[in-house]
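# Secondary and tertiary structure notes
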Amino acid sequence: MAQKTYVIPIFIPHSGCPFQCIFCDQKQISGTSRMPDIDEVKCTADEYLTTIPSTARNVMLAFYGGNFTGLPEKIQYDLLQSVNPYMESKRISAIRVSTRPDCIDCNNLLLLRKWGVTEIELGIQSFDDTVLTESRRGYCSQTAIKASIMIRNYGFTLGHQFMIGLPGDDWGALVKTAQISARLKPDMIRIYPTLVIRDTALADLKNFQPLDFKEACRRSAFLIDFFELICVRILRVGLHPPQDESSIVAGPFHPAFRYMVYSYIWRDFFMSNFSKDFLYDIIDVTTSCEDFSYVVGYKAQNKQLFNQSCKIRPASWLVAGHIILRTSSGTSLTTNRYIYRADKCRQLTARYTSSGDVD
Ligand code: SF4
């Protein structure tokens with residue numbers, strides 16, 4: 001069984017950012033308004049470490065909420081040096097930074113490697129140039145591709161962060177983004193539906209319509225299926241609930257968005273593969289422990305597809321994605337959602353792939 005990874009988050013809101021992106025307000029999201037100094041980084045690390053078992057092997061310190069490689073070199077050095085004693089004593093095993101694709105070059109990758117950084121997450125948002133232009137990100141897809149290749153070549157673990165539903169985004173752009181990302185072999189991804197945050201340029205953008213909740217679930221589900229099939233870790237789906245939820249003025253927000261999307265994936269699996277009558281005849285469902293709450297669904301909506309007397313139980317011996325359905329007549333069916341979802345993913349990919357523009 002994979003060992004649990006503990007993450008010590010250090011927020012550096014907007015530090016190193018060349019400008020404020022139209023959709024972003026890290027201060028409102030994180031509730032932190034300034035970058036911590038070295039003593040505060042140590043203090044946060046010490047505090048977290050008191051709650052983490054001393055035997056834990058995978059403890060990562062992660063700098064979030066800003067553009068790490070956009071910081072002056074001296075500040076990057078000081079921040080990373082402050083983590084060094086924990087790395088030497090093996091209390092912290094990895095350092096992750098997140099940054100913009102246009103702030104990656106050979107020089108900063110060499111320094112990051114020398115100073116102990118192991119993982120780099122790129123705020124890709126999209127690999128579609130129309131989306132990048134309309135969202136005023138300030139770089140094109142080629143820059144993000146080049147940055148990803150360099151990060152891999154320098155031996156870092158690579159993460160891609162995507163936003164769905166940005167200005168100019170559609171299914172074609174989404175599929176293109178997934179395909180290009182897959183070729184760059186990220187180790188992990190994060191999926192964020194675009195939300196409109198108060199006092200951002202996006203909030204003032206005329207004619208911008210965020211995705212509705214169902215469409216955000218559909219597109220997130222596509223990315224999950226796509227990347228699960230090629231064994232890329234899905235680190236996060238949906239924005240971490242901000243300190244002040246009223247700062248979100250529009251968009252598909254839910255504090256448990258990941259749960260909502262996985263519940264949707266299972267519901268879609270049941271409804272697309274079985275007749276209503278068959279589902280209503282199911283009296284016993286066995287799932288993996290990992291899938292149990294998703295199979296039950298939000299407010300038990302998926303459970304309501306089955307017979308009223310149906311019992312859903314988790315089984316530690318069942319592999320994630322697999323499920324056993326038993327009907328009142330004793331018929332037992334073992335199946336898994338990956339086969340169906342893989343098929344659906346292939347169909348969507350084929351439908352929305354525009355020839356020639358992915359390679
Ligand atoms: S999206 Fe990233 S680069 Fe843009 S303002 Fe936010 S933290 Fe900075």
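Right above here is the structure, for reference.
Presented here is an overview of the structure given in this document. Per-chain numbering applies: the sequence of each chain, read as written, is numbered from 1 onward. Per-residue local features of the predicted model are confined to residues with pLDDT of at least 70, and side-chain atom pairs are confined, for both listing and counting, to 80 or more; whole-chain, interface and lining totals are unaffected and use all residues. Computation of side-chain values: all heavy atoms of the structure, hydrogens and water removed.

Looking now at the site of the ligand. We call a residue near a molecule or strand whenever a single non-hydrogen atom of that residue lies within 4 Å of it. Surveying the vicinity of the ligand reveals the residues H14, C17, F19, Q20, C21, F23, C24, Q26, G65, G66, R100 and R137. Residues are grouped as follows: Ala, Val, Leu, Ile, Met, Phe, Trp, Tyr, Cys and Pro are nonpolar; Asp, Glu, Lys and Arg are charged; every other residue, Gly included, is polar. Residues of the shell around the ligand, tallied by class, amount to five nonpolar, five polar and two charged.

Right, let's get into the pattern of salt bridges. Note that side chains of opposite charge can pair when their charged atoms are close. By salt bridge we mean one thing: a side-chain nitrogen of Lys or Arg within 4 Å of a carboxyl oxygen of Asp or Glu. Per the stated rule, a full pass over the model turns up 18 salt bridges. Salt-bridge contacts for R218 lead to E215; the nearest nitrogen and oxygen are separated by 2.4 Å. One end of the pair, R218, and the other, E215, are both in helix α9 (residues 213–229), three residues apart, so they sit about a helical turn from each other. A relative accessible area of 34% places R218 in the partly exposed class. A single network of salt bridges, built from pairs that share partners, joins D225, E228, D268, R337, R341 and K344. Every helix listed is a DSSP run of H or I at least four residues long, and every strand listed is a run of E at least two residues long, numbered separately from the N terminus. The rule is simple: take the accessible area with a 1.4 Å probe, protein chains only, and divide by the maximum for that residue type; under 20% is buried, over 50% is exposed, in between is partly exposed.

On to the sheet that holds strand β2 (residues 58–64). Within a sheet, adjacent strands bond to each other through the backbone by hydrogen bonds, running parallel or antiparallel. Read from one edge to the other, the open sheet built from seven strands follows the order β1-β2-β3-β4-β5-β6-β8, with strand pairing classed as parallel. At either margin of the open sheet sits one strand with a lone partner, and together these are β1 (5–11) and β8 (233–237). Going across the sheet, the axis of each strand differs from the next one's by a mean of 20 degrees, ignoring polarity. Two strands qualify as a pair provided that DSSP identifies no fewer than 2 bridges between them. Relative to strand β5 (residues 157–164), strand β4 (residues 119–125) runs parallel, the two sharing six bridges. Opposite I120, over in β5, you have L158 as the bridge partner. Seen against the sheet, helix α6 (residues 141–153) touches β4 and β5 and runs at an angle of roughly 170 degrees to β4. All axes here are fitted lines through C-alpha atoms, helices being fitted over the stretch that makes contact, and every angle between N-to-C directions spans 0 to 180 degrees. What makes two residues a contact is simply this: any of their non-hydrogen atoms within 4.5 Å.

To count as a disulfide, a pair of cysteine sulfur atoms needs to be within 2.5 Å. Per the counting criterion, the structure on display carries zero disulfides. Cysteine C231 is unpaired, with the sulfur of C345 as its nearest cysteine sulfur at 13 Å. A relative accessible area of 72% means that C231 is categorised as exposed. Cysteine C289 shares no disulfide, and the gap to the nearest cysteine sulfur, in C310, comes to 17 Å.

Spatial strand order, β11-β10-β12-β13: four strands in an open sheet with mixed pairing. The sheet terminates laterally at β11 (311–315) and β13 (332–336), the two strands that pair on one side only. When strand polarity is set aside, the average angle formed by the axes of neighbouring strands in this sheet is 20 degrees. The pairing of strand β10 (residues 282–288) with β11 spans five bridges and is classified as parallel.

The subject of this paragraph is helix α7 (residues 171–184). By this rule the span expected of a helix is its residue count minus one, scaled by 1.5 Å. Between its first and last C-alpha, α7 extends 20 Å over 14 residues, near the 20 Å set by a 1.5 Å rise per residue. By the criterion of burial, α7 is predominantly enclosed, with eleven of the 14 residues buried. What α7 keeps buried is the set W171, A173, L174, V175, K176, T177, A178, Q179, I180, S181 and L184. Where α7 is buried, its residues touch α5 (129–134), α6, β5, α9 and α13 (337–352). Nitrogen and oxygen atoms within 3.5 Å of one another constitute a polar contact, given that in protein one can donate a hydrogen and the other can accept it, and given that sequence-neighbouring residues count only through two side-chain atoms. Where α7 begins, one side-chain oxygen reaches toward the backbone nitrogen of G172, 3.1 Å away; that side chain belongs to D170. One or two positions beyond α7, positive phi appears at K185, with a value near 55 degrees.

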